[in-house]
Amino acid sequence: IWGQNNLFNPEITAYLDLGGSLSTNENNKALNRFNLREAEIDIRSAITSFADGVLILAIHEEIEEVEEGIEVATAFELEEGYINFHTLPHDLQIKGGKFRNAFGINNLHHTHDLPQITRPLAIQSFFGHEGLATTGVSANWLVPNFWDRFIELTVEVVNANGGEESPIFGGPNADNPALVSHLKYFDDIGDAGSFEIGGSFLYTRTSDDHEFDANVFGLDAMYKWIDQDAPDFRSLLLQSEFLWASNDIPVSGNG
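About the criteria used
Residues numbered from 1 in each chain as written. Predicted model: local features only at pLDDT ≥ 70, side-chain atom pairs only at ≥ 80, totals over all residues. Heavy atoms only, no water. Core = buried A, V, L, I, M, F, W, Y, C linked by side-chain atoms within 4.5 Å. Buried < 20%, exposed > 50% of the residue type's maximum accessible area, 1.4 Å probe, protein only. Helix = DSSP H or I, 4+ residues; strand = E, 2+ residues; numbered from the N terminus. Contact = heavy atoms within 4.5 Å. Patch = residues over 30% accessible without salt bridge, like charges linked within 9 Å, V, L, I, M, F, W, Y side chains within 5 Å. Areas by Shrake-Rupley, 256 points an atom, 1.4 Å probe, with all protein chains shown as cover. Salt bridge = Lys/Arg side-chain N within 4 Å of Asp/Glu carboxyl O. Phe/Tyr/Trp six-rings, centres within 6.5 Å; stacked < 30°, edge-to-face > 60°. Pairing = 2+ DSSP bridges. Axes fitted to C-alpha atoms, helices over the stretch in contact; angles between N-to-C directions.

**Q** Honestly, the nonpolar core in this entry has me stumped. Any pointers?
**A** Nonpolar side chains tend to gather and get buried jointly when the protein is soluble and globular. Membership of the largest hydrophobic core comes to 20 residues, with the highest contact counts inside it found for Phe103, Phe127, Ile168, Phe169, Leu202 and Val216. The element contributing the most residues to this core is helix 2 (residues 121-127), with three residues. Excluding residues that lie within four positions of it along the chain, Leu202 makes contacts with Phe103, Phe127, Leu132, Ile168, Phe169, Leu179, Val180, Ala214, Asn215 and Val216.

**Q** So what exactly am I meant to see when it comes to a nonpolar patch on the surface here?
**A** On the surface, a nonpolar cluster with roughly 330 Å² of combined accessible area is contributed by Ile47, Phe50, Ile83 and Phe85. In this fold, Phe85 is placed in strand 4 (residues 69-88). Look at Phe85 and you get partly exposed, because its relative accessible area is 32%.

**Q** Looking at this structure, how should I read the packing of aromatic side chains?
**A** Throughout the structure, instances matching the rule amount to eight aromatic pairs. An angle of 55° between the planes, with centres 5.9 Å apart, marks the rings of Tyr185 and Phe195 as tilted. On the criterion of sequence distance, the pair formed by Tyr185 in strand 8 (residues 178-189) and Phe195 in strand 9 (residues 193-205) is long-range, its members being ten residues apart. With a centroid separation of 5.8 Å and an interplanar angle of 35°, the aromatic rings of Phe217 and Trp244 are classed as tilted. A residue pair is termed long-range when its members are at least 10 positions apart, and Phe217 in strand 10 (residues 213-226) and Trp244 in strand 11 (residues 235-247) qualify at 27 residues. Among the residues examined, Phe217 registers a relative accessible area of 38% and is labelled partly exposed. A relative accessible area of 45% places Trp244 in the partly exposed class.

**Q** What is the right way to look at unusual backbone geometry in this model?
**A** Phi is mostly negative for residues that are not glycine, and the peptide bonds are mostly trans. Here the bond from Asn176 into Pro177 is cis, since omega is -5°, no more than 30 degrees from zero. As for its placement among the helices and strands, Pro177 is situated in the loop between strand 7 (150-158) and strand 8. Positive phi, normally seen in glycine, also occurs at His90, with a value near 60°. With respect to the secondary-structure elements, His90 resides in the loop between strand 4 and strand 5 (92-100). The phi dihedral of Asp148 is positive, around 55°, even though this residue is not glycine.

**Q** How should the sheet that holds strand 11 be read in this particular structure?
**A** Strand pairing in a sheet relies on backbone hydrogen bonds. The paired strands run either parallel or antiparallel. The antiparallel open sheet is built from eleven strands, whose spatial order is 1-2-3-4-5-6-7-8-9-10-11. Here the strands that pair on one side only, and so sit at the sheet edges, are strand 1 (11-21) and strand 11. Within this sheet the neighbouring strands show an average axis-to-axis angle of 15°, counted without direction. Across nine bridges, strand 5 lies against strand 6 (residues 133-142) in antiparallel orientation. Considered in strand 6, the bridge of Phe99 is made with Thr134.

Here you go:
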């Protein structure tokens, strides 16, 4: 009875990511200070027996250089908020709302989950400082195959405004929607290791008409090893991604 009464109680988790830097460059005050990288609250709850709700709220400091030195502001944002229908027929899951998009591996991580200190420059250059998180619908399917292996296909139809300061997306006035897809193969290596390889594709329009668009392709690979005798202290993670984009931009000229 206790379990049934608490079935729909939310699970609440809090994360705090605090950083600091020290530099000999005394002229740049942003390099010599502590920084609240992110404080996050993760709330998850079963809505029905076949659907869960997820709400992730974050607070972080934004440091901006100005003529007088730096300005520090505290920003509050909805990082993710969606409903996930997880027990649909034919191994299908569908979620709708705002979520981190399934392009590659690294983009799925929140700041406190990154395997390195900062998000890779390639991800920032393509999708913005925080990576790609948009509003739309995502479908996830475990692809049946003759080899009985884990093959997962994710297809997302989302808004084309994309991540903050992303050069790929056209902003709120871009012609919607955008398409994101990812195909992943996962397998174990012995009792302690695992690996996955995947490919991603993104298509979006970069203006408010059909004249300009962008195509982004990605390849990703990851190997993970965990010491079975000390899983909390010894592990190895090797991860890499390759991104390539073709992005239309307006060109002004006399001819």
